[in-house]
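A closer look at the structure
Read off the chains here:
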Amino acid sequence: HKQSDLQAPNNQEDMKPDPNQLETIKKKKNNHNQKRKSPARQKSPAKETADSVEKNDENNSQANGNSIPSYCVIRFCNKSKRGDLYYFMKNGQVGMISQDHQRLVLDPFGEFIQMWPDLETNMPKILSPKEADKMKNVSKLLKYEKAFKETNTHLLELPESKPQKGVPMRHVKYWMGNEYGLLFRMDNRVIQVNFQDKSKLIVFWEQKSLILTHSLFENGSFITFSNLKKSKDSELKRKYSITKKMV
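Thresholds, definitions, all that
Residues numbered from 1 in each chain as written. Predicted model: local features only at pLDDT ≥ 70, side-chain atom pairs only at ≥ 80, totals over all residues. Heavy atoms only, no water. pLDDT = per-residue confidence, 0-100. Contact = heavy atoms within 4.5 Å. Salt bridge = Lys/Arg side-chain N within 4 Å of Asp/Glu carboxyl O. Helix = DSSP H or I, 4+ residues; strand = E, 2+ residues; numbered from the N terminus. Buried < 20%, exposed > 50% of the residue type's maximum accessible area, 1.4 Å probe, protein only. Pairing = 2+ DSSP bridges. Axes fitted to C-alpha atoms, helices over the stretch in contact; angles between N-to-C directions. Phe/Tyr/Trp six-rings, centres within 6.5 Å; stacked < 30°, edge-to-face > 60°. Expected span 1.5 Å × (residues − 1). Arc of directions from axis to C-beta. Polar contact = N/O pair within 3.5 Å; in protein donor to acceptor, adjacent residues only side chain to side chain. Core = buried A, V, L, I, M, F, W, Y, C linked by side-chain atoms within 4.5 Å.

1. A few points about the confidence of the model for the protein chain
Looking at the protein chain, pLDDT values average 81 and 73% of them are 70 or higher. Predicted confidence for residues 1–29 stays below pLDDT 50, and this span has 36 contacts to residues more than four positions away or in other chains. Here residues 32–51 is modelled with pLDDT under 50, and outside its nearest four sequence neighbours on either side it reaches two contacts, counting other chains as well.

2. Brief notes about the pattern of salt bridges
Within this structure, the stated rule accounts for seven salt bridges. The partner of E145 in a salt bridge is K149, with the nearest N and O atoms 3.4 Å apart. Highlighted residues: E145 and K149, both in helix 3 (residues 136–149), separated by four residues, approximately one helical turn. The class of E145 is buried, set by a relative accessible area of 18%. K149 sits in the buried class, given a relative accessible area of 16%. As a salt-bridge pair, E235 and K239 come within 3.8 Å of each other at their nearest N and O atoms. Residue E235 and its partner K239 are both found in helix 5 (residues 234–246); the two are separated by four residues, about one turn of the helix.

3. Brief notes about the sheet that holds strand 13 (residues 221–224)
Read from one edge to the other, the open sheet built from six strands follows the order 8-9-10-11-12-13, with strand pairing classed as antiparallel. The sheet is open, and its two borders are formed by strand 8 (172–177) and strand 13, each paired with just one other strand. Sheet twist, expressed as the average angle between the axes of neighbouring strands with direction ignored, equals 15 degrees. Bridging between strand 10 (residues 191–195) and strand 11 (residues 200–204) involves four bridges; their strand directions are antiparallel. Its bridge partner lying in strand 11, V193 is registered against L201.

4. Looking at the packing of aromatic side chains
The relation between two aromatic rings is expressed through the spacing of the ring centres and the mutual angle of the planes. Summed over all chains, the structure comprises seven aromatic pairs. With 6.3 Å between their ring centres and 40 degrees between their planes, W205 and Y240 make a pair best called tilted. In this pair, W205 sits in the loop between strand 11 and strand 12 (209–213) while Y240 sits in helix 5, placing the two residues 35 residues apart along the sequence. Judged by relative accessible area, which is 12%, Y240 ranks as buried. Where F225 meets Y240, the ring centres are 5.2 Å apart and the plane angle is 40 degrees; that geometry is what we call tilted.

5. Some points on helix 5
Helix length check: helix 5, at 13 residues, gives a terminal C-alpha distance of 18 Å against a target of 18 Å (1.5 Å per residue), a fit within 8%. Taken as a whole, helix 5 has its buried residues at L236, K239, Y240, I242, T243 and M246. Mapping the buried residues of helix 5 onto a view down its axis gives an arc of 155 degrees, with all of them on the same face. Across from the buried face of helix 5, at angles greater than 90 degrees, the exposed residues are S234 and K245. Where helix 5 begins, the capping side chain belongs to D233, and its oxygen is found 3.3 Å from the backbone nitrogen of E235.

6. Looking at the nonpolar core
Of all hydrophobic cores here, the largest spans 42 residues; its most connected members are Y87, L104, V172, F184 and M186. If near-sequence neighbours (up to four positions away) are discounted, L104 is found in contact with Y87, V94, G95, M96, I113, Q114, M115, L127, N137, V138 and L141. Counting 15 residues, the second-largest nonpolar core is a separate cluster that includes L183, I191, F195 and I223.

7. Details of the side chain of Q192
Within the secondary structure layout, Q192 lies in strand 10. The exposure class assigned to Q192 is buried, which follows from its relative accessible area of 1%. Looking at Q192, its side chain comes within polar contact range of the main-chain nitrogen of V73, at 2.8 Å. Side-chain polar atoms of Q192 contact the side chain of N194, separated by 3.0 Å. Not counting the four nearest positions on each side in its chain, Q192 is found in contact with C72, V73, L182, L183, F184, M186, L201, I202 and L216.

Put into structure tokens, the structure is as follows:
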């Protein structure tokens with residue numbers, strides 16, 4: 001089994017509000033209290049669905065400065081004879097991709113599994129781990145969950161609230177490997193590349209930025225695409241170039 005380096009996360013100081021902003025904060029509180037007096041409106045089903053999506057997105061954050069996303073892959077096994085990939089995310093999710101492109105993701109609390117039978121399917125089928133245990137891929141997934149979590153539970157960044165069953169969880173949609181390293185392409189198009197020198201490159205296409213780090217449990221070096229062009233860091237440029245070719 002291949003494994004990324006595991007290190008304890010850095011402690012971060014709490015942010016304190018600027019004293020000059022106290023008056024603005026008071027005004028916002030007064031406006032908020034006035035809004036609370038208005039009669040409550042019932043949410044439409046569409047609005048409730050949108051809120052669920054937002055809630056799951058909060059548990060699977062996007063690019064945030066030099067912070068590593070919670071859905072990055074911290075451990076994986078790609079030694080299967082069938083060419084399957086099993087992986088373990090920093091947020092506690094365990095997933096797999098079969099050679100025929102079936103995708104399985106077990107939620108961080110082991111309560112349900114989301115299953116996509118092929119690449120064309122957008123909304124997953126919901127499975128119960130106990131009821132689906134006899135399915136070959138599910139049985140293997142649960143075995144890897146136990147193996148992955150035996151030594152890494154204390155390092156996880158579990159979500160504060162449980163994921164919604166009906167909202168797709170972040171997961172690896174494609175993967176590939178070559179002589180340079182292993183690439184994971186998430187369902188939101190974010191790329192993670194583990195290079196042979198144990199460095200990791202996280203690429204956010206929509207935000208046009210990337211993070212380079214040697215540990216997924218520490219903040220990395222953040223840079224935008226535009227600043228990368230001006231940079232004199234030839235090694236970072238080389239790794240980004242490799243990543244684009246792999247994609």
